Protein chains: 2
Amino acid sequence: MRDMKDMIPIYYRLADDIKCQIESGQLKHGDMIPTEGQLGESYGISRMTVRRGLALLAEAKLIETVKGKGSFVTRLKLSRVVIDLQDNPAGSGEALRYRLLTVKFARDNNVPAQELKLEVGAKVIHLKRLLYQGEHIIAIENKWMPYLKGKPLLETQLEYANFPEVVAKHQDSVPVRNDVVISVNTLSSEQAELLGEEPCSPALVIKQVIYSKEDKPLGISYMVCHKDRFQLRANSYLYSGKL
Amino acid sequence: MRDMKDMIPIYYRLADDIKCQIESGQLKHGDMIPTEGQLGESYGISRMTVRRGLALLAEAKLIETVKGKGSFVTRLKLSRVVIDLQDNPAGSGEALRYRLLTVKFARDNNVPAQELKLEVGAKVIHLKRLLYQGEHIIAIENKWMPYLKGKPLLETQLEYANFPEVVAKHQDSVPVRNDVVISVNTLSSEQAELLGEEPCSPALVIKQVIYSKEDKPLGISYMVCHKDRFQLRANSYLYSGKL
DNA sequence: TAGTGGTCTAGACCACACT
DNA sequence: GTGTGGTCTAGACCACTAT
């Protein structure tokens with residue numbers, strides 16, 4: 001029995017020890033770490049507890065375990081970067097808020113609507129709203145989604161919720177995937193006027209397509225962002241999870 | 001004892017069952033799922049095995065467990081988006097390759113070098129390289145990192161490795177964090193010429209700063225991307241991990 | 001054949017949350 | 001107190017990998 005005073009689980013200490021050995025370079029990419037039996041013996045703990053520690057390391061992608069062979073230190077990766085689109089992506093400070101400009105019904109005759117792959121003649125809702133930070137407009141959002149009878153869009157939802165939430169509230173099926181493309185474009189004169197910029201000045205464009213479990217598109221969003229007032233911040237860590 | 005024929009672990013089946021109940025709406029945000037004891041009894045398995053299934057659901061952020069209370073269905077989130085900067089971020093098709101343009105030594109008198117927070121007078125390496133896809137230049141990269149004696153930069157590393165790897169090979173300490181800012185700018189005439197664009201046309205700018213465990217900046221990279229030949233693709237899933 | 005990780009059990013004690 | 005999840009044990013059998 002271990003001492004329970006220190007509140008920190010033994011499997012966590014084991015994982016942290018190995019993590020430090022990897023960070024310091026004692027264990028290098030490709031090295032095999034001691035077997036579960038050896039670790040259990042040297043720490044004086046049972047194999048199940050050892051496995052729990054190794055599971056933490058595997059979750060953080062610091063090791064890989066191979067059945068019949070052993071556990072091996074993986075190559076360190078820093079290339080997967082996480083952006084939280086919900087977390088204030090603009091300059092820090094004042095809170096964000098939305099203002100709904102227009103709600104229109106469209107047929108499937110325009111390009112965004114066609115991407116929704118609806119039956120011919122099906123109706124599409126087209127939303128246009130502005131994203132404010134303080135008194136400044138920092139982005140223009142255009143959204144298209146299939147019109148479902150009996151699933152009204154409440155204005156409160158439209159004003160405040162972010163894109164995946166708007167779609168979720170309006171659909172029967174649960175949205176499970178969000179494909180995002182980040183690119184650059186020049187502003188149309190209408191967009192430039194809204195954003196207080198010169199026409200043809202550059203802007204960040206974020207396109208989102210939300211899919212159901214059956215891979216059916218449930219909504220499309222184009223977000224045109226003011227180049228100075230909207231930056232995407234992201235970061236990646238060598239290890240993630242509970243370590 | 002369970003039947004081992006079906007190769008699919010019981011804890012996984014349990015997790016998948018609950019996942020389906022969440023997806024279908026039978027279990028909603030905030031609902032408590034059955035206790036570990038109840039699940040163990042209804043599946044005829046031990047509590048440890050139940051816990052393993054619930055760990056999968058927790059890892060996928062589908063449930064949250066609270067000590068002394070129970071496990072609850074979380075709110076569905078689609079706002080965290082993952083970009084793999086290593087995974088071909090340009091138009092699909094031909095492979096990417098790097099070409100080193102210049103390697104210079106700089107003092108800490110320019111802005112990027114100052115961001116590295118070195119001692120006064122310390123030397124900085126400045127790399128400039130081009131990212132090709134096929135015959136097209138799709139991005140211009142500028143990198144700054146502290147100059148370390150006895151840690152030479154091999155050309156092969158400079159030609160092929162991506163930014164975190166270049167930094168990792170040149171440093172004593174292991175890089176553990178990569179902060180990224182994605183924004184928009186207009187091309188200088190020199191940049192425009194390299195990219196085959198008009199001066200002042202828009203471009204995507206990706207700035208990366210890599211930090212050590214001690215939060216010391218180990219390298220800075222500015223990447224200016226051709227607006228039509230380089231798009232950032234990303235996606236997010238409602239649940240991640242092994243489910 | 002021996003060694004490895006993968007799955008699972010049937011208990012135990014603990015800390016925490018309710019009432 | 002009762003019920004919950006959190007930790008941990010000392011075994012067991014299996015499947016895979018090496019030799």
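Colleague: What should I look at first to understand the relation of the copies chain B and chain A in this one?
Modeller: Both copies of the chain are related through a single rotation about an axis accompanied by a shift along the same axis. In screw terms, the move from chain B to chain A is a rotation of 180 degrees and a rise of 0.1 Å along the axis, fitting with an RMSD of 0.1 Å. A rotation of that kind, with that shift, is consistent with a two-fold axis. Of every C-alpha in chain B, the one belonging to B:Val82 sits nearest the axis of rotation, 2.2 Å from it. Mapped onto chain A, 100% of the interface residues of chain B are again interface residues, and the two copies thus contact each other with one and the same surface.

Colleague: Whenever I open this one, the pairing of strand S1 (residues 63-66) of chain A confuses me. Can you help?
Modeller: All names here are of chain A. Pairing of S1 with strand S2 (residues 70-73) involves four bridges; the strand directions are antiparallel. Across the sheet, Glu 64 pairs through a bridge with Phe 72, a residue of S2. If you look at the hairpin formed by S1 and S2, you'll find three residues sitting between the two strands, and Gly 68 has a positive phi there, around 80 degrees.

Colleague: Got a minute to help me understand the packing of aromatic side chains in this structure?
Modeller: Think of a pair of aromatic rings as described by two things: how far the centres are apart, and how the planes are tilted against each other in angle. All names here are of chain A. Here the structure, examined in full by the defined rule, presents four aromatic pairs over all chains. Arranged with centres 5.1 Å apart and planes meeting at 90 degrees, the rings of Phe 105 and Tyr 147 form a pair that is edge-to-face. In this pair, Phe 105 sits in strand S4 (residues 96-106) while Tyr 147 sits in the loop between strand S6 (136-146) and helix H5 (155-160), placing the two residues 42 residues apart along the sequence. Aromatic side chains Trp 144 and Tyr 222 sit 6.0 Å apart centroid to centroid with 85 degrees between the ring planes, which places their arrangement in the edge-to-face category. Of this pair, Trp 144 sits in strand S6 while Tyr 222 sits in strand S9 (residues 217-225), and the two are 78 residues apart along the sequence. The side chain of Arg 129 reaches across the aromatic face of Tyr 98, ending 3.7 Å from its centre.

Colleague: What is the right way to read the nonpolar core from this model?
Modeller: Considering soluble globular proteins, one finds that nonpolar side chains tend to be buried as a cluster. If you look at the biggest cluster of nonpolar residues, it comprises 32 residues, and the most contacted ones within it are A:Ile182, A:Leu204, A:Phe230, B:Ile182, B:Leu204 and B:Phe230. With near-sequence residues (within four places) excluded, A:Ile182 lies in contact with A:Ile83, A:Leu204, A:Val205, A:Ile206, A:Leu232, B:Ile83, B:Ile182, B:Leu204, B:Gln231 and B:Leu232. Counting 23 residues, the second largest nonpolar core, distinct from the first, contains A:Leu14, A:Val50, A:Ile63 and A:Tyr239.

Colleague: Quick question: what am I supposed to make of the packing of helix H2 (residues 36-43) of chain B against helix H3 (residues 47-59) of chain B here?
Modeller: Each pair of packed helices can be summarised by the angle the axes make with each other and by the distance between the axes. All names here are of chain B. Their axes nearest at 9 Å, the elements H2 and H3 cross at an angle of 110 degrees. Classified by the interaxial angle, the pair formed by H2 and H3 is roughly perpendicular. Residues Glu 36, Leu 39 and Gly 40 of H2 pack against Arg 47, Val 50, Arg 51 and Leu 54 of H3. Taken together, the residues of the contact of H2 with H3 sort by class into three nonpolar, one polar and three charged.

Colleague: Mind showing me how you'd approach the protein's contact with DNA strand D here?
Modeller: The environment of DNA strand D is made up of 24 residues, and the closest members are A:Ser46, A:Thr49, A:Arg52, B:Arg47 and B:Arg51. The sugar and phosphate moieties of DNA strand D supply 69% of its atoms located within 4 Å of the protein. One nitrogen or oxygen atom from the side chain of A:Lys69 is found 3.4 Å from a phosphate oxygen belonging to DNA strand D. At 3.0 Å from a phosphate oxygen of DNA strand D is found a main-chain nitrogen or oxygen belonging to B:Glu36. Elements with a minimum of two residues in the surface near DNA strand D: helix H1 (10-24) and helix H3 (47-59) of chain A together with H3 and strand S1 (63-66) of chain B. Looking at the surface near DNA strand D element by element, the count peaks at four residues for H3(A). Grouping the amino acids of the surface near DNA strand D by side-chain chemistry returns seven nonpolar, eight polar and nine charged.

Colleague: Any chance you could explain the environment of A:Lys213 here in plain terms?
Modeller: Mapped onto the elements, A:Lys213 comes out in the loop between strand S8 (202-212) and S9. Accessibility expressed as a relative area gives 48% for A:Lys213, which makes it partly exposed. In this structure the C-alpha to C-alpha distance between A:Lys213 and A:Val176, which are 37 residues apart in sequence, comes to 5.7 Å. Beyond its immediate sequence surroundings of up to four residues, A:Lys213 is in contact with A:Val174, A:Val176 and B:Glu23. At 2.9 Å, the side chain of A:Lys213 and the side chain of B:Glu23 are in polar contact.

Colleague: Mind showing me how you'd approach helix H6 (residues 163-170) of chain B here?
Modeller: An α-helical turn contains 3.6 residues, so a residue and the one three or four places further along point in the same direction. Among the residues of H6(B), B:Phe163, B:Pro164, B:Val166, B:Val167 and B:His170 are the ones counted as buried. The buried side chains of H6(B) occupy one side of the element, clustering within an arc of 160 degrees when seen end-on.

Cut-off values and rules
Residues numbered from 1 in each chain as written. Chains lettered and ligands numbered in written order. Predicted model: local features only at pLDDT ≥ 70, side-chain atom pairs only at ≥ 80, totals over all residues. Heavy atoms only, no water. Least-squares fit on C-alpha atoms with pLDDT ≥ 70 in both. Contact = heavy atoms within 4.5 Å. Pairing = 2+ DSSP bridges. Helix = DSSP H or I, 4+ residues; strand = E, 2+ residues; numbered from the N terminus. Phe/Tyr/Trp six-rings, centres within 6.5 Å; stacked < 30°, edge-to-face > 60°. Lys NZ or Arg CZ within 6 Å of the ring centre and 35° of its normal. Core = buried A, V, L, I, M, F, W, Y, C linked by side-chain atoms within 4.5 Å. Buried < 20%, exposed > 50% of the residue type's maximum accessible area, 1.4 Å probe, protein only. Axes fitted to C-alpha atoms, helices over the stretch in contact; angles between N-to-C directions. Parallel < 35°, antiparallel > 145°, perpendicular 65-115°, else oblique. Nonpolar A, V, L, I, M, F, W, Y, C, P; charged D, E, K, R; others polar. Near = heavy atom within 4 Å. Polar contact = N/O pair within 3.5 Å; in protein donor to acceptor, adjacent residues only side chain to side chain. Arc of directions from axis to C-beta.

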